[in-house]
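# Structural description and commentary
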Amino acid sequence: MFTHNKNATRSDYPAELQHIMNLERANESREWLSSWRMLSVEPTPLVSMKHLAQKLGVGAVFLKDESKRSPLGSFKALGASIALVRLILRKFPDAGFTAQSLFKGEHAQTLKDFTVVSATAGNHGSSLAAAARDIGCRCVIVLSSQVSADRENAIASNGAEIVRVAGDYDDSVEHAESLSKTEGWLVVSDTSYEGYEEIPRDVMQGYATIPSEVIDQLDAKNADTPPFTHVFLQGGVGGMAAGITAYLWERYGKKRPTLIVVEPNQADCLYQSALAGHAASATGDIDSLMAGLACGEASPLAWRFLQPACDYFITVSDTKAVEAMKILAEGQYGDVPIVSGGSGAAGLAALVELTENAAQGKEAGINETSKILLINTEGATAPTDYLKQVGKTAEEVLAAAAKVQA
Ligand SMILES: Cc1ncc(COP(=O)(O)O)c(C=O)c1O
């Protein structure tokens, strides 16, 4: 499914949105995150996929490889961690803590009973667990029965206590909220709901590190037009898309790139929101191998940024996502092989779809002059699933990549 968003504007970044997310706090988050040992010291690679671009008939494809962001395997390491730091700084205003001293675990003794809880489809939980472990506080993660054992292991291995509930992602969100009330724990969620916006805002703001690095990497720090024409943004609850949209909108105003949100067919809450003109629910059964995108409800706070700025919404099938994973893993057209999980490859799946469907591609303005930015939001964060889907392990793909690069 594909739709133009009739509410998308080309205006300057509105003051009321800038009050919520802005370049200043995005840059501060990037700086603070640089002191967390779990994040790569260097910006994640920006790979120019020349052969893929040629094959698809576009001017350029740049792939920002977030699988290399951290041992946690996804961009989500940028969100939960900074939101947890900002939460602790707000809760202990007079303790003399800094982001740096928190990330170094210098206040673990004071914080050992401070407990955070969150629902997750996988990657947010691993990131929150790892940040809590390093800071020295306690972390409880609620998983629905749809989350695979692989993903549970990844979260537990980062020190979180796991609670399982029946149902889907949205049931786990409700359960985390109820635990916070009965136990007095604090929810650190990547999705917003009524009366709960501060933490998801901080999570989203952390994701702006991605476009900020890309602009540096394309040597476009001083240009007033973006160095890419289209950006494909995978959507779960919409947080990553909103964090990146806010950054690019404030940075480029009316000259912002065309923004395209991508979801699984069966977890299309943002697509449905675009049709409805307000944050809405998905129509499918939510269960997708694009596990990070398997969300049934749009984040209302994220939607405030997406509705006025994202030009197109597209959904893709699990089959197409696996094809895109394989294109990347095999370096199918001659580019360097890349490890990309189901959610990570969804942006490429959507680009392929738009280049195969001439009418839709034309409507989105995709042609031989387009410079496309894709974000590989995760690596093989569920290794057993990855092997089943791609037919190779992540290590095999990395070994092939090293050979090409040698
Ligand atoms: C790998 C990956 N990509 C994309 C997303 C989508 O992010 P959001 O839920 O903020 O829209 C997620 C969410 O968990 C994810 O894990």
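Rules and cut-offs
- Residues numbered from 1 in each chain as written.
- Predicted model: local features only at pLDDT ≥ 70, side-chain atom pairs only at ≥ 80, totals over all residues.
- Heavy atoms only, no water.
- UniProt positions renumbered as here; feature names shortened; annotations may be inferred.
- Pairing = 2+ DSSP bridges.
- Helix = DSSP H or I, 4+ residues; strand = E, 2+ residues; numbered from the N terminus.
- Axes fitted to C-alpha atoms, helices over the stretch in contact; angles between N-to-C directions.
- Salt bridge = Lys/Arg side-chain N within 4 Å of Asp/Glu carboxyl O.
- Buried < 20%, exposed > 50% of the residue type's maximum accessible area, 1.4 Å probe, protein only.

By the naming in an unreviewed UniProt entry, the chain goes by Diaminopropionate ammonia-lyase and is assigned to Neopusillimonas maritima. One UniProt comment on the chain, placed under Cofactor (unreviewed entry), says "pyridoxal 5'-phosphate".

### Digging into the sheet that holds strand 11 (residues 371–376)
If you trace the seven strands from one edge of the open sheet to the other, you get 1-10-9-8-11-3-2, paired in mixed fashion. Strands at the two margins of the open sheet, each flanked by one partner only, are strand 1 (2–4) and strand 2 (46–48). When the angles between neighbouring strand axes are averaged without regard to direction, this sheet yields 20 degrees. Note: strand 2 against strand 3 (residues 60–65), three bridges, orientation antiparallel.

### A word on the pattern of salt bridges
Applying the stated rule across the entire model yields 20 salt bridges. Put simply, Asp-190 and Lys-76 hold a salt bridge, and the shortest N to O gap is 2.8 Å. Highlighted residues: Asp-190 in the loop between strand 7 (186–187) and helix 10 (198–207) and Lys-76 in the loop between strand 3 and helix 4 (80–91), separated in sequence by 114 residues. Both residues of the pair, Asp-190 and Lys-76, count as buried. Its salt-bridge partner being Arg-90, residue Glu-198 comes within 3.5 Å of it at the nearest N-O pair.

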